[in-house]
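# Commentary on secondary and tertiary structure
Here are the chains, one letter per residue:
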Amino acid sequence: MKLALFQYPIVWADRQANLDLLEQHLAALIEKVDVVMLPEMFTTGFCTSRPDLAEPTDGPTMQTVKRLSAEYDCAIVGSFICENMGYLFNRGFFAMPDGNVVYADKRHLYAHGGEAEFFRQGTVRPVITFRGCRFCLLICYDLRFPVWSRNRTGDDYDVLLYVANWPKQRIKFWDALLPARASENQCVVAAVNPVGTDGLGLHYTGHSIVYDTRLDVLAQLPEDTAGVAIADIDVTDIHYFRQHSPLWHDADKYEFV
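Residues numbered from 1 in each chain as written. Predicted model: local features only at pLDDT ≥ 70, side-chain atom pairs only at ≥ 80, totals over all residues. Heavy atoms only, no water.

### Thoughts on helix α6 (residues 235-244)
Along α6, the residues that are buried comprise V235, I238, F241 and R242. Angularly, the buried residues of α6 cover 125 degrees about the axis, an arc narrow enough to put them on a single face. Structural note: α6 exposes T236, Q243 and H244 on the side pointing more than 90 degrees away from its buried face. Buried residues along α6 sit against β7 (133-139), α5 (171-185) and β9 (188-192). (Buried < 20%, exposed > 50% of the residue type's maximum accessible area, 1.4 Å probe, protein only. Helix = DSSP H or I, 4+ residues; strand = E, 2+ residues; numbered from the N terminus. Arc of directions from axis to C-beta. Contact = heavy atoms within 4.5 Å.)

Okay, here's the thing in structure tokens:
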């Protein structure tokens, strides 16, 4: 399983410019990959006061993503501002080449940044199976909440994905929490974050990275640098590690409500 992290500046509030960037980055890939990860709200940046930027799941963002997923024969993962039945969502997507898309709305909304007033909270955390690997897709602030990230039976998923807009002033928490999630869930963690400065003046330094179950780094991108990093993920190694060190047997049992 080859997974690519796309770390680059998002053009503030310009959907078409960002869709064009996605197409350019895919065209520039020098090797075939199975999964491409994009930053959170990759078509707009972290806009939480622009309902005019919202679109349905059959709008231009997902039409383009599905077309490119089929053209490049890879899954594409990210999030966008979605309107559904009069509500707005920070909607994560896992789009597959056969046209199937699994959606996962952001659960934890960053109230300090106005997100909780703008979006409706997600309630479902799907596990997506693609090419023999099971993925769990979460969005940015969800990283801070280990219960929502929890590999509940110890073998629910293989790879935990985080797409984010995580600014520089809080990047040390990003750097600390990502390996913690890999350790406690005995999984691979893949996380992507943009670089550059957004329309609100917040600066992003990237720190996109992939950790394996042993906290070894499989791929990462330099700070403040646009680019692509590709990780080779061995699903059999994840299962081997869990079988020979089944820490989840000793975990606390609880139910989600």
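Resuming the write-up.
### Structural notes on the pattern of salt bridges
A complete count under the given rule lists 19 salt bridges for this structure. Between R242 and D158 there is a salt bridge, with its nearest N and O atoms 3.7 Å apart. Residue R242 is found in helix α6, and its partner D158 is found in the loop between α4 (146-149) and β8 (159-163); the two are separated by 84 residues along the sequence. Taken as a pair, R242 and D158 share a single burial class, namely buried. (Salt bridge = Lys/Arg side-chain N within 4 Å of Asp/Glu carboxyl O.)

### What about empty space enclosed by the protein?
Under the defined criterion, the tally for this structure stands at two cavities of 30 Å³ or more. Along its surface, the largest cavity is lined by P9, I10, G45, N165, P194, V195, G196, T197, D198 and Y204. Residues that form the lining of the largest cavity fall into these classes: five nonpolar, four polar and one charged. A volume near 40 Å³ is recorded for the second largest cavity. If you go around the second largest cavity, the residues you meet are A104, D105, K106, V124, R125, L137, L138, I139, D142 and W148. (1 Å grid on protein atoms, 1.4 Å probe; cavity = no way out; pocket = protein on both sides within 12 Å on 5 of 7 lines; lining within 4 Å. Points joined across faces, edges and corners; volume = space filled by probe spheres on them. Nonpolar A, V, L, I, M, F, W, Y, C, P; charged D, E, K, R; others polar.)

### Some thoughts on the side chain of D212
Mapped onto the elements of the fold, D212 is located in the loop between β12 (209-211) and β13 (217-220). R214 is the oppositely charged side chain nearest to the buried, salt-bridge-free D212, at an N-O distance of 5.0 Å. Within the structure, D212 has its side chain in polar contact with the backbone nitrogen of R214 (distance 2.9 Å). Sequence-distant contacts of D212, defined by excluding residues within four places in its chain, comprise A182, C187, V188 and L218. (Lys, Arg positive; Asp, Glu negative; His and termini not counted. Polar contact = N/O pair within 3.5 Å; in protein donor to acceptor, adjacent residues only side chain to side chain.)

### Brief notes about the layout of surface pockets
Here the largest pocket is characterised by a volume of approximately 230 Å³. Along the walls of the largest pocket sit 18 residues, with F46, Y110, N165, P167 and R170 positioned nearest its centre. The class makeup of the residues in the lining of the largest pocket is nine nonpolar, five polar and four charged. Of the voids in this model, the second largest pocket is the one considered here, and its volume is about 200 Å³.

### A word on the sheet that holds β13
Strand order in the open sheet made by the six strands is β6-β7-β8-β9-β12-β13, with mixed pairing throughout. Each edge of the open sheet carries a strand with a single partner, namely β6 (127-130) and β13. Each strand of the sheet is rotated relative to its neighbour by a mean of 20 degrees, with strand direction disregarded. In this structure, β12 lies alongside β13, joined through three bridges in antiparallel fashion. Bridging from a neighbouring strand, I209 pairs with Q220 of β13. (Pairing = 2+ DSSP bridges. Axes fitted to C-alpha atoms, helices over the stretch in contact; angles between N-to-C directions.)

### Brief notes about the nonpolar core
Formed by 48 residues in total, the largest nonpolar core has its most connected members in L3, V35, M37, F94, F135, L161 and L178. If you tally residues by element for this core, the top one is β7, at six residues. Core analysis: the second largest hydrophobic core is formed by 21 residues, V33, L68, C82 and A95 among them. (Core = buried A, V, L, I, M, F, W, Y, C linked by side-chain atoms within 4.5 Å.)

### Observations concerning the sheet that holds strand β1 (residues 2-7)
Reading across the sheet, the six strands line up as β5-β4-β3-β2-β1-β14 and stay open at both edges, with mixed pairing between neighbours. This sheet does not close on itself; its edge strands, each paired only once, are β5 (101-105) and β14 (227-232). Geometrically, the sheet is characterised by an average inter-axis angle of 30 degrees between neighbouring strands, direction not taken into account. Of the pairings in the sheet, the one linking strand β3 (residues 75-84) to strand β4 (residues 87-95) comprises nine bridges and is antiparallel in character. Within β4, the residue paired with F80 across the bridge is R91.

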